[in-house]
Amino acid sequence: MTEREEDLELRLRRCREEVDREIERLLEEDSGIPERLRDAMGYSLRAGGKRLRPFLCIAAAELSGCPAEPVLPMAVALEMFHTASLIHDDLPCMDDDPLRRGKPSNHMVFGEGLATLAGDALLLWAFETAISKLLPVFPAERILGAIGEFAKAIGPSGVCAGQVLDTDPSSRESEDDFVWRIASLKTGALIRASVLAGGILGGLEDVKIEALYNYGTHLGLAFQVVDDILDVTGKPEQMGKTPGKDSVQGKVTFVSTYGLEKARRIARDESVKAIDSLSCFGQEADPLRSLARVLLDRSS
Ligand code: GRG
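Predicted model, so just to flag it, every value in this text is computed and none were measured.

Asker: What is the right way to look at the site of the ligand in this model?
Answerer: Lys-50, Arg-53, His-82, Arg-101 and Gln-163 are the nearest of the 20 residues found near the ligand. At a separation of 2.8 Å, an oxygen atom of the ligand approaches a polar side-chain atom of His-82. In this structure, an oxygen atom belonging to the ligand sits 2.8 Å away from a side-chain N or O atom of Arg-101. With the chains in place, 90% of the 750 Å² that the ligand exposes on its own is no longer accessible. At the level of secondary structure, the elements contributing two or more residues to the shell around the ligand comprise α4 (68-90), α8 (159-167), α9 (177-201) and α10 (206-233). In terms of residue class, the shell around the ligand is made up of seven nonpolar, seven polar and six charged.

Okay, structure coming up:
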């Protein structure tokens, strides 16, 4: 492992610990949540996960010298929504997966009704948390900017749009760029919003926000291509979910569209483009650069 990769490992671990601590604190703090709902939300929030979106948000905020701690509520909000989307994605009416993050999916433990509500509640708790905890710390226009990017990324022209294209056969299109559209909406939009939210809260100037936009776009694509590759080549313990489901369900993926080798090339190209997007930053962007490199290693 290179020195930079070791540094990234350490940063990722620190971020995971901070996010996990904050999640525990919030779960304890809100006494208005019925116990069953708290259990269901807590089950998926505590089930592990790389905490990649919080890491991106914090690393982007740090580009302007902003410390991690005040940005933590935004980082946790991104993880809350991400977890909500995984709960809903696993439901029998969607991808119908009994396994997530190496454990039985939420609906397998709590039933479909409560799992649906746990996802709904996490989505809305994300906004409640971000707004209430950021307001005393950041100027209102930065909070609005960050939350605006978040909302746009996950709504009807973001993650939800991507999920419809991915799961509804009637929305299928035949062109090659369909798979790019699904990936950039279903996965890329939230990854991009994570870096944008951090950058905006940190007060970066427009040209640097644009660089983060490009970085997030390419990183999000690389991430989904790698996820598609792992569905074919990965082991259940590496993925924490059922491998091989994409082809069983007839999903349009980068592997089904281009084959394994070309998919690997696309992942590499997108990762390089992500790194190139950061040319206006100095060493302060090394964690974001290293992440794009390490991400690729997962698929080789
Ligand atoms: C909750 C309103 C609402 C909408 C959700 C179901 C749905 C709409 C969207 C599904 C989106 C989805 C599951 C995209 C896949 C993204 C992806 C590649 C997830 C895996 O992310 P990792 O590897 O997972 O970061 P961990 O477990 O590490 O967090």
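Asker: Please explain the pattern of salt bridges as it appears in this structure.
Answerer: Between side chains of opposite charge, a pair can form as their charged atoms come close. Applying the stated criterion to the full structure yields 18 salt bridges. Linking Arg-11 and Asp-7 is a salt bridge whose minimum nitrogen-to-oxygen distance equals 3.0 Å. In this pair, Arg-11 and Asp-7 both sit in helix α1 (residues 3-29), four residues apart, roughly one turn of the helix. The partner of Arg-264 in a salt bridge is Glu-261, with the nearest N and O atoms 3.1 Å apart. Of the two residues, Arg-264 and Glu-261 both sit in helix α14 (residues 260-276), three residues apart, roughly one turn of that helix. The exposure class assigned to Arg-264 is partly exposed, which follows from its relative accessible area of 22%. One network of salt bridges, with partners in common, ties together Asp-20, Arg-51, Glu-79 and Arg-101.

Asker: How do you make sense of α10 when you look at a structure like this?
Answerer: An α-helical turn contains 3.6 residues, so a residue and the one three or four places further along point in the same direction. Over its 28 residues, α10 runs 40 Å from end to end, which matches the ideal 40 Å to within 8%, given 1.5 Å per residue. The buried fraction of α10 is high, at 20 of 28 residues.

Asker: Can you walk me through the layout of surface pockets in this structure?
Answerer: When its volume is computed, the second largest pocket comes out at roughly 200 Å³. Forming the boundary of the second largest pocket are Glu-9, Leu-12, Arg-16, Lys-50, Leu-52, Phe-223, Leu-291, Val-294, Leu-295 and Arg-298. Mapped onto the lining of the second largest pocket, the elements with two or more residues apiece are α1 and α15 (286-297). Of the residues contributing to the lining of the second largest pocket, the split by class is six nonpolar, no polar and four charged.

Asker: How do you make sense of the side chain of Glu-22 when you look at a structure like this?
Answerer: Tracing the sequence through the fold places Glu-22 in helix α1. The buried category is assigned to Glu-22, whose relative accessible area is 11%. If we skip the residues at most four places from it in the chain, Glu-22 touches Leu-72 and Val-76.

Asker: I'm lost on empty space enclosed by the protein in this one. Help?
Answerer: Over the atoms rolls a probe the size of a water molecule, and its path tells where empty space is left. All told, the structure shown has one cavity of 30 Å³ or more when counted by the stated rule. Along the wall of the largest cavity there are 13 residues; nearest its centre are Ser-44, Ile-87, Asp-90, Arg-100 and Asn-106. Of all elements in the fold, only α2 (35-45), α4 and β2 (103-104) reach the threshold of two or more residues within the lining of the largest cavity. The element contributing the most residues to the lining of the largest cavity is α4, with four residues. Here the residues of the lining of the largest cavity sort into five nonpolar, four polar and four charged.

Asker: Looking at this model, I keep getting lost on the packing of α14 against α15. Mind explaining?
Answerer: The geometry of a pair of packed helices is captured by two quantities: the angle between their axes and the separation between those axes. Where α14 meets α15, the axes come as close as 9 Å, and the angle between the chain directions of the two elements is 175°. The orientation of α14 with respect to α15, classified from their angle, is roughly antiparallel. Touching Ala-267, Arg-268, Ser-271, Ala-274 and Ile-275 of α14 are Arg-289, Ala-292, Arg-293 and Leu-296, all from α15. Residues of the contact of α14 with α15, tallied by class, amount to five nonpolar, one polar and three charged.

Asker: What should I look at first to understand the nonpolar core in this one?
Answerer: Most often, soluble globular proteins keep nonpolar side chains buried together rather than apart. Counting residues in hydrophobic clusters, the biggest one holds 79 residues, and the most contacted among them are Met-74, Phe-150 and Leu-212. Residue contributions to this core peak at twelve residues, all from α4. Not counting chain neighbours up to four residues away, the residues in contact with Phe-150 comprise Met-74, Ala-77, Leu-78, Phe-81, Ala-126, Phe-127, Leu-190 and Ala-193. Judged by nonpolar contacts, the second largest core, of 15 residues, contains Met-239, Phe-254, Val-255 and Ala-267.

Scoring rules and cut-offs
Residues numbered from 1 in each chain as written. Predicted model: local features only at pLDDT ≥ 70, side-chain atom pairs only at ≥ 80, totals over all residues. Heavy atoms only, no water. Near = heavy atom within 4 Å. Polar contact = N/O pair within 3.5 Å; in protein donor to acceptor, adjacent residues only side chain to side chain. Areas by Shrake-Rupley, 256 points an atom, 1.4 Å probe, with all protein chains shown as cover. Helix = DSSP H or I, 4+ residues; strand = E, 2+ residues; numbered from the N terminus. Nonpolar A, V, L, I, M, F, W, Y, C, P; charged D, E, K, R; others polar. Salt bridge = Lys/Arg side-chain N within 4 Å of Asp/Glu carboxyl O. Buried < 20%, exposed > 50% of the residue type's maximum accessible area, 1.4 Å probe, protein only. Expected span 1.5 Å × (residues − 1). 1 Å grid on protein atoms, 1.4 Å probe; cavity = no way out; pocket = protein on both sides within 12 Å on 5 of 7 lines; lining within 4 Å. Points joined across faces, edges and corners; volume = space filled by probe spheres on them. Contact = heavy atoms within 4.5 Å. Axes fitted to C-alpha atoms, helices over the stretch in contact; angles between N-to-C directions. Parallel < 35°, antiparallel > 145°, perpendicular 65-115°, else oblique. Core = buried A, V, L, I, M, F, W, Y, C linked by side-chain atoms within 4.5 Å.

These results come straight from atomic positions and should not be treated as a statement about function.
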